[in-house]
Amino acid sequence: MNLRRKPAAIEGAIEGATRPGPGTRPAGANALVVATVLLLSLAFMLRFGQPERISWIQNFFIVFGAILLEAIPFVLIGAVASALIEVFVPPGAFERIGRLPTVLQLPCAAIAGMAFPICECGSVPVARRLLRRGLAPGAAVTFMLAAPILNPIVIASTIVAYHGRPDFWVVVLGRFTLGFMVAVAVGWVIGARRPEDVLRKGTTDLDADDHPPEESRWSQFAGHIAGDFIFMGRFLVVGVAVAAAIQTALPQTLVAKVADLPILSILVMMALAFVLSLCSESDAFVAASFTQFGPAAQLAFLVTGPMIDIKLSALYAGTYSKGFLRAVLITAAAIILAGTLWVAVIWG
C-alpha cells in the first residue's frame, strides 16, 4: 500500500534518513523526546538519590527553561521567515544577488540584516535557506552573523539598556560597527565555497522541492515551517542544556576578581557570552549589569554572544560542515578581541 508522501521539509529534517513508516517518529522528534527523558531522569535521581543537591538542580531547570523559552519564539520566527523565502520568493531573486561581486555581496548582506527582526537562533535557518536559493555562502554567512546584531529590535534594546550612561555611544555604536566588521570578515573567510561544501551532509535534503504538484503554497509553507523548527529545535535543546549546566556551576566570585585586568576582562566577558547563551534581544541588559567591567569588556560580551555561544555551536554543528564552526570561532574571536582592545586603549 502506498503511503502519502510527507512534505519535503519534514523529510529533510531527519537528515537523509529513510522515509518513516507507519507509527514511526521523525528523528528530530525522537531527539527531543530523548533529551526530555534524560533531563527528567536527572531530576528524579538527584531528588531521591542526592537530596542535598536539590537546589542545584532547581537552579539548572530555571536557567534551562528561561533560555529555552527565550530562544524558541525566535527559532519559530526564523522558521517562518525561512519558509516565506522558500515558498513565496522567486528562485531567481537570490541568484541575481549571488552574481554580484563579493566586495558588494558581503556588505549588502550585512546591511540586509537590519530588515530582519530575528535573533541568532532564527538567523541560522534563514541563512541556510538563502544559501540554497542562490546566495553565495560568504554572503549567507555574513547575513547570518550580522542580523542578530544589526536588526532594529537589538539596536533598540541596546539603546534602552545603556540610556543615560557615560559609555552610551561607545557601546551602541561600537556594537553596530564591530558586529558589521566581524560579520563581513567571517563571510570573506568562508569565501566563494560551494553550498555543498559549507552545509553539513544531509541538510540539503531539507530544501528539496519535491512537493506534490497539487499541494498548495500554504501547505508547502506549513511543511517548511515544521521541518525547519524540528531540525533547529533539537540542536537548540542540546545547546541550552549545556549552557544551563555551565551557568549554574560558574563561580560568581571569578567575575569580580578579573574585572580590572584589561585583556583578561575582555576574554572573560567573551567566555561568559559564549557560556550564558543569551538571546541578542535581551543580552544588553545583562551586559549593562556588569558595571565593574569597562565598555570594552561589555562590548566584547555584546558582540560575541550573538555570533558564537554554546547553543549556536550546536546549531552550527548540526547545519554546517565540520570546518565551518572552527572558521567562525577563530575569525570572530580574533577580530572581536582586537577591536575591543582598541576600544579599551581609546576610551579606557
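Residue positions within a chain follow its written sequence, with the count starting from 1. Predicted model: local features are reported for residues with pLDDT of at least 70 only, side-chain atom pairs are reported and counted for 80 or more only, and whole-chain, interface and lining totals are derived from all residues. Side-chain measures were taken over the full set of non-hydrogen atoms in the model, leaving aside hydrogen atoms and water.

1. What to know about the overall build of the chain
And step 1. Helix and strand content of the chain: 17 helices and 0 strands.
And step 2. For this analysis, residues touch if any pair of their heavy atoms sits within 4.5 Å. Across the chain, every contact between residues at least 6 apart in sequence was considered, and the portion connecting residues at least 24 apart equals 83%.
And step 3. Here the chain has roughly 15800 Å² of accessible surface; of this, 70% comes from carbon and sulfur atoms. To qualify as a helix, a DSSP run of H or I must reach at least 4 residues; to qualify as a strand, a run of E must reach at least 2; elements of each kind are numbered from the N terminus. Accessibility throughout is a Shrake-Rupley quantity obtained with a 1.4 Å probe, and a residue counts as covered only by protein chains that appear here.

2. Considering the side chain of Ser277
And step 1. Looking at the element boundaries, Ser277 is found in the loop between α13 (262–276) and α14 (283–289).
And step 2. The buried label applies to any residue whose accessible area, calculated with a 1.4 Å probe on protein chains only, is under 20% of its type's maximum; exposed applies above 50%, and partly exposed to all values in between. A relative accessible area of 0% places Ser277 in the buried class.
And step 3. Any pair of nitrogen or oxygen atoms within 3.5 Å is treated as a polar contact; in protein, a donor-acceptor pairing is required on top of that, and neighbouring residues in sequence qualify only through side-chain atoms on both sides. Only 3.4 Å separates the side chain of Ser277 from the backbone oxygen of Phe274, close enough to count as a polar contact.
And step 4. Once you skip the residues sitting within four places of it in the chain, Ser277 turns out to touch Ile67, Ala243, Asp309, Ile310 and Lys311.

3. Re the packing of helix α7 (residues 137–150) against helix α8 (residues 152–162)
And step 1. At a closest axis distance of 5 Å, the pairing of α7 and α8 adopts a crossing angle of 40°. With respect to their mutual orientation, α7 and α8 come out oblique. In this structure, α7 contributes Pro148, Ile149 and Leu150 to the contact, and α8 contributes Pro152, Val154 and Ile155.
And step 2. Taken together, the residues of the contact of α7 with α8 sort by class into 6 nonpolar, no polar and no charged. Here the axes come from fitting lines to C-alpha atoms, over the contacting stretch only for helices, and the angles between their N-to-C directions go from 0 to 180 degrees. Orientation is classified from the angle alone, with under 35 degrees giving roughly parallel, over 145 giving roughly antiparallel, 65 to 115 giving roughly perpendicular, and any other angle giving oblique. Residues are grouped as follows: Ala, Val, Leu, Ile, Met, Phe, Trp, Tyr, Cys and Pro are nonpolar; Asp, Glu, Lys and Arg are charged; every other residue, Gly included, is polar.

4. Some words on a nonpolar patch on the surface
And step 1. Each patch groups residues whose relative accessible area exceeds 30% and which form no salt bridge, using 9 Å between like charges and 5 Å between nonpolar side chains of Val, Leu, Ile, Met, Phe, Trp and Tyr. Should a side-chain nitrogen of Lys or Arg be within 4 Å of a carboxyl oxygen of Asp or Glu, the pair is scored as a salt bridge. A surface patch of nonpolar side chains, amounting to about 320 Å² of accessible area, comprises Leu261, Ile263, Leu264 and Leu267.
And step 2. Judged by its relative accessible area of 47%, Ile263 falls in the partly exposed class.

5. Let's talk about helix α15 (residues 295–304)
And step 1. Extensive coverage of α15 is indicated by the burial of 10 of its 10 residues.
And step 2. Lining the buried residues of α15 we find α7, α8, α9 (168–190), α13, α14 and α17 (322–347).

6. What about the environment of Leu150?
And step 1. Within the secondary structure, Leu150 sits in helix α7.
And step 2. Taking the C-alpha atoms as reference points, Leu150 and Ile111, 39 residues apart in sequence, are found 7.5 Å from one another.
And step 3. Sequence-distant contacts of Leu150, that is, excluding residues within four places in its chain, are made with Ala110, Gly113, Met114, Ile155, Phe176 and Phe180.

7. Quick notes on the packing of aromatic side chains
And step 1. Each Phe, Tyr or Trp ring, with Trp reduced to its six-membered ring, pairs with another whose centre is within 6.5 Å; inter-plane angles below 30 degrees give stacked pairs, above 60 give edge-to-face pairs, and intermediate values give tilted ones. All chains considered together, the criterion is met by 7 aromatic pairs.
And step 2. Measuring from centroid to centroid gives 5.7 Å for Tyr316 and Phe324, while their planes differ by 80°, and the two rings are edge-to-face. The exposure classification of Tyr316 matches that of Phe324, with both residues buried.
And step 3. An aromatic cluster is present here, built from Phe290, Phe293 and Phe301 joined pairwise through their rings.

8. Focus on the side chain of Ser123
And step 1. As for its placement among the helices and strands, Ser123 is situated in helix α6 (residues 120–132).
And step 2. Classification of Ser123 as buried rests on a relative accessible area of 1%.
And step 3. Of the polar contacts made by the side chain of Ser123, one reaches the backbone oxygen of Met144; its length is 3.1 Å.
And step 4. Not counting the four nearest positions on each side in its chain, Ser123 is found in contact with Ile118, Met144 and Pro148.

9. Remarks on the environment of Leu100
And step 1. When you line up the elements, Leu100 lands in the loop between α4 (91–98) and α5 (102–112).
And step 2. Leu100 sits in the partly exposed class, given a relative accessible area of 37%.
And step 3. Along the chain, Leu100 and Ala136 lie 36 residues apart, while their C-alpha atoms are 9.4 Å from each other.

10. Focus on the nonpolar core
And step 1. Buried Ala, Val, Leu, Ile, Met, Phe, Trp, Tyr and Cys residues that are joined via side-chain atoms within 4.5 Å together make up what is termed a nonpolar core. Formed by 90 residues in total, the largest nonpolar core has its most connected members in Met144, Tyr162, Phe301, Tyr316, Tyr320 and Phe324.
And step 2. The leading source of residues in this core is helix α3 (residues 54–88), at 11 residues.
And step 3. The contacts of Tyr162, once residues within four sequence positions are left out, are Asp167, Phe168, Val171, Ala284, Ala287, Ala288, Gln298 and Leu302.
And step 4. Judged by nonpolar contacts, the second largest core, of 5 residues, contains Ala83, Val87, Phe221 and Ile225.

11. Side note on the pattern of salt bridges
And step 1. One pass over the full model with this rule turns up 3 salt bridges.
And step 2. With a shortest N-O distance of 3.5 Å, Asp167 and Arg165 are connected by a salt bridge.
And step 3. With relative accessibility at 11%, the residue Asp167 sits in the buried group.
And step 4. Using a relative accessible area of 23% as the deciding quantity, one classes Arg165 as partly exposed.
And step 5. Put simply, Lys311 and Asp309 hold a salt bridge, and the shortest N to O gap is 3.0 Å. This pair shows no difference in class: Lys311 is buried, exactly as Asp309 is.

12. Considering α8
And step 1. All of the buried residues in α8 are Val154, Ser157, Thr158, Ala161 and Tyr162. One side of α8 holds all its buried residues, which, seen down the axis, span an arc of 115°.
And step 2. Against α7, α9, α14 and α15 lie the buried residues of α8.
And step 3. One or two positions beyond α8, positive phi appears at Gly164, with a value near 85°. To be clear, the arc concerns the directions from the helix axis to the C-beta atoms.

13. Looking at the confidence of the model for the chain
And step 1. What pLDDT expresses is the predictor's confidence in each residue, scored from 0 to 100. Chain-level statistics for the chain give a pLDDT mean of 76 and a share of 73% at 70 or above.
And step 2. Ranking the elements of the chain by mean pLDDT puts helix α1 (residues 8–12) last with 35 and α15 first with 94.
And step 3. Low pLDDT, under 50, characterises residues 1–25; the stretch is placed with 47 contacts to residues that sit more than four places away or in other chains.
And step 4. Contacts from residues 205–211, a stretch scored under 50 in pLDDT, to residues over four places away or in other chains number 26 contacts.

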